Amino acid sequence: PKVYTDVLKTLQDDVPGFGGERAREIISKELGKPCDDVFQNFSMEPLAAASLGQVHTATYKGKKVAIKVQRAGLKELFDVDLKNLKKLAELLDKFDPKSDGADRDWVSIYEESERLLYL
């Protein structure tokens with residue numbers, strides 16, 4: 001229903017991007033070599049920005065590509081969140097009455113989610 005989609009639209013990211021030089025630094029650190037050694041025509045202005053990162057364009061081996069650059073420090077934040085979620089999953093496994101008949105294994109659900117996050 002429209003009332004739900006209107007509310008969900010308000011949850012979309014409206015985050016300013018970080019600088020193109022910062023994006024190049026993040027890429028260089030991740031790849032272990034200067035960004036210019038890998039990409040040509042790197043766009044200093046992002047196409048889009050969100051809470052987790054932003055997208056830039058560049059040329060790679062003669063083809064125009066989009067590069068998603070993750071904001072620095074997210075892994076550390078995810079690690080803290082995951083540690084807390086694991087504790088919650090362990091508690092849910094102990095105290096979930098499963099009165100609806102479902103056979104949930106909260107720790108297994110957590111472990112699969114953690115694995116998918118770090119693929």
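It should be noted that the structure appears before, not after, this text.
Quantities reported herein were computed from a predicted structural model and do not represent experimental measurements.

Engineer: Describe in detail the pairing of strand β2 (residues 53-60), supporting the description with residues and values.
Structural biologist: For β2, the tally of buried residues reaches six of eight residues, placing the bulk of the element in the interior. The sheet contact formed by strand β1 (residues 48-49) and β2 spans two bridges and is antiparallel. The residue of β2 that forms the bridge with alanine 48 is valine 55. Hairpin connection, β1 to β2: the antiparallel pair is bridged by three residues. Connecting the antiparallel pair β2 and strand β3 (residues 63-70) is a turn made up of two residues, with lysine 61 showing a positive phi of about 50 degrees.

Engineer: Account for the pattern of salt bridges, with residues named and values stated.
Structural biologist: Taken as a whole and judged by the stated rule, the model has six salt bridges. Between glutamate 25 and arginine 22 there is a salt bridge whose closest N-O contact spans 3.2 Å. Of this pair, glutamate 25 and arginine 22 both sit in helix α2 (residues 20-31), three residues apart, which is roughly one turn of that helix. A relative accessible area of 44% means that glutamate 25 is categorised as partly exposed. Exposure remark for arginine 22: the relative accessible area of 36% places this residue in the partly exposed category. Between aspartate 36 and arginine 24 there is a salt bridge whose closest N-O contact spans 2.7 Å. Remark: arginine 24 occurs in helix α2 and aspartate 36 occurs in helix α3 (residues 35-38); sequence separation between them is 12 residues. Since its relative accessible area comes to 18%, arginine 24 is described here as buried. Overlapping salt bridges, with partners in common, bring together Glu21, Arg24 and Asp36 in one network.

Parameters and conventions
Residues numbered from 1 in each chain as written. Predicted model: local features only at pLDDT ≥ 70, side-chain atom pairs only at ≥ 80, totals over all residues. Heavy atoms only, no water. Buried < 20%, exposed > 50% of the residue type's maximum accessible area, 1.4 Å probe, protein only. Helix = DSSP H or I, 4+ residues; strand = E, 2+ residues; numbered from the N terminus. Pairing = 2+ DSSP bridges. Salt bridge = Lys/Arg side-chain N within 4 Å of Asp/Glu carboxyl O.

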